[in-house]
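The residues making up each chain are set out below.
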Amino acid sequence: VSPEPESKGGLIDRLMGRGGQEVARRTLDDPMLEQLEELLITADMGVDTALRVTANIAESHFGKRVSAEEVKRLMAEEIARIMEPVAQPMPIYSKKPQVVLVVGVNGSGKTTTIGKLASQFRAVGKSVIIAAGDTFRAAAVEQLQVWGERAGVPVLTAPEGSDPASLAFDAMLKAEAEGADLLLIDTAGRLQNRADLMEELAKIVRVIRKRDPEAPHNTLLVLDATTGQNALSQVETFRKLADVSGLVMTKLDGTARGGVLVALADRFGLPIHAIGVGEQIDDLAPFDPEDYACALTG
Ligand code: GDP
């Protein structure tokens, strides 16, 4: 996770005016707090969260002389404290098949994440089946097939435009018959017509519950961290469409400042199960709050 790859020194270094000069110390006063707030807001953390973080720092250090290193440490500690409760791997159940519904807008990285997840579960000896539930996007189905081949996992498909719920039902039957450990179900991500999408997701859930009343066991919302504050509204929207149980944040390897994760944790408290750190099959990592906080503060 490297939120600031293009600049020398992180956010705080720039604030403290360090650039080859002696390590600066500044009094933590109101103007400095305002600058800190602004930095956090430009890092996509959102106003409320930025204010809370700086207020906590002010509480312990207002009026004191601080170095860049101290400010970084204080900031990283505050951020890690907010993030720790949400850093939770995806729960694994003994239930067979464990049904994982994957939701999110198109382009967020759903397909890629499903491929990576399938590969990780295969690597620990789990049998996995993927259902290509975005039956309206032929390209998505093809992509998923490519990922399935890479991961060594079968991908169930249905004719273009056919009912995703009926594919999901068939996938349940197949996963049961084969004793699969996990069934990963891709879903459509067209938010243009929310009523349609809501009905589609609800129908998928209805039919899989005919086979297992507790399914889906996980509903993962995949979010693109580079969309900044937009990710917040996507959580709001998808929580109305589905019973979201956890998040996967993709594209944290890019130039995204990624501060929106703090805002998400602060506002929703949904578990962050994993982060996407690249386009390759192994580029899915557990979410580590301390690493993340340090990368963000620089
Ligand atoms: P979907 O439309 O939600 O299924 O999104 P895709 O899985 O097709 O991903 C959209 C684009 O984002 C593709 O070009 C992926 O290679 C890319 N992508 C997905 N996850 C990551 C990630 O963690 N890091 C980077 N750099 N790119 C990613």
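It should be noted that the structure appears before, not after, this text.
The structure displayed is predicted, hence computed values, not measured ones.

*Asks:* So, the site of the ligand: which residues are in play, and what are the values?
*Replies:* Residues in contact with the ligand amount to 17 residues; listed here are only the nearest, Gly107, Thr111, Thr112, Asp253 and Glu279. The backbone of Gly109 places a nitrogen or oxygen atom 2.9 Å from an oxygen atom of the ligand. Within the contact set of the ligand, an oxygen atom lies 2.5 Å away from a side-chain nitrogen or oxygen of Glu279. For the ligand, the protein covers 78% of the area, taking 580 Å² as the surface of the free molecule. When its residues are assigned to classes, the shell around the ligand shows 2 nonpolar, 9 polar and 6 charged.

*Asks:* Give me the environment of Ile185: which residues, what numbers.
*Replies:* When you line up the elements, Ile185 lands in strand β6 (residues 182-186). By relative accessible area, Ile185 is classed as buried at 1%. Considered as a pair, Ile185 and Val100 are 85 residues apart in the sequence and their alpha carbons are 6.1 Å apart. Excluding residues that lie within four positions of it along the chain, Ile185 makes contacts with Val99, Val100, Leu101, Val102, Ala131, Ala168 and Ile208.

*Asks:* Run through the side chain of Asp134, naming residues and quoting values.
*Replies:* With respect to the helices and strands, the residue Asp134 is situated in the loop between β4 (128-131) and α6 (138-151). Of the residues examined, Asp134 reaches a relative accessible area of 2% and is grouped as buried. Aside from chain neighbours lying at most four places away, what touches Asp134 is Asn106, Ala140, Val141, Asp186, Thr187, Ala188 and Gly189.

*Asks:* Give a detailed account of the pattern of salt bridges, specifying residues and quantitative values.
*Replies:* A side chain of one charge can pair with a side chain of the opposite charge if their charged atoms are brought near each other. Across all of its chains, the model carries 15 salt bridges by this definition. Across the pair Asp134 and Arg137 runs a salt bridge whose closest N-O atoms are separated by 2.8 Å.

*Asks:* Explain the pairing of strand β8 (residues 246-250) residue by residue, including any values.
*Replies:* Here β8 lies mainly inside the structure; 5 of its 5 residues are buried. In β8, alternate side chains face the same way, and those of Gly246, Val248 and Thr250 on one face and Leu247 and Met249 on the other are all buried. The parallel pair strand β7 (residues 218-224) and β8 is bridged by helix α9 (residues 230-241), and the resulting crossover is right-handed. In this structure, β8 lies alongside strand β9 (residues 272-276), joined through 3 bridges in parallel fashion. Its bridge partner being in β9, Leu247 is matched across the sheet by Ile272.

*Asks:* Provide a residue-level description of the packing of helix α7 (residues 164-178) against helix α8 (residues 194-211), including the pertinent values.
*Replies:* Between α7 and α8, whose axes approach to 8 Å, the crossing angle comes to 30°. Between α7 and α8, the interaxial angle falls into the category roughly parallel. The way α7 lies across α8 gives a crossing that is right-handed. Contacts from Pro164, Ala165, Ala168, Phe169, Met172, Leu173 and Glu176 of α7 reach α8 at Glu200, Lys203, Ile204, Val207, Ile208, Lys210 and Arg211. Here the contact of α7 with α8 is built from residues that sort into 9 nonpolar, no polar and 5 charged.

Conventions used here
Residues numbered from 1 in each chain as written. Predicted model: local features only at pLDDT ≥ 70, side-chain atom pairs only at ≥ 80, totals over all residues. Heavy atoms only, no water. Near = heavy atom within 4 Å. Polar contact = N/O pair within 3.5 Å; in protein donor to acceptor, adjacent residues only side chain to side chain. Areas by Shrake-Rupley, 256 points an atom, 1.4 Å probe, with all protein chains shown as cover. Nonpolar A, V, L, I, M, F, W, Y, C, P; charged D, E, K, R; others polar. Helix = DSSP H or I, 4+ residues; strand = E, 2+ residues; numbered from the N terminus. Buried < 20%, exposed > 50% of the residue type's maximum accessible area, 1.4 Å probe, protein only. Contact = heavy atoms within 4.5 Å. Salt bridge = Lys/Arg side-chain N within 4 Å of Asp/Glu carboxyl O. Right-handed = clockwise from strand over helix to strand, strands pointing away. Pairing = 2+ DSSP bridges. Axes fitted to C-alpha atoms, helices over the stretch in contact; angles between N-to-C directions. Parallel < 35°, antiparallel > 145°, perpendicular 65-115°, else oblique. Left-handed = near helix turned anticlockwise from the far one by under 90°.

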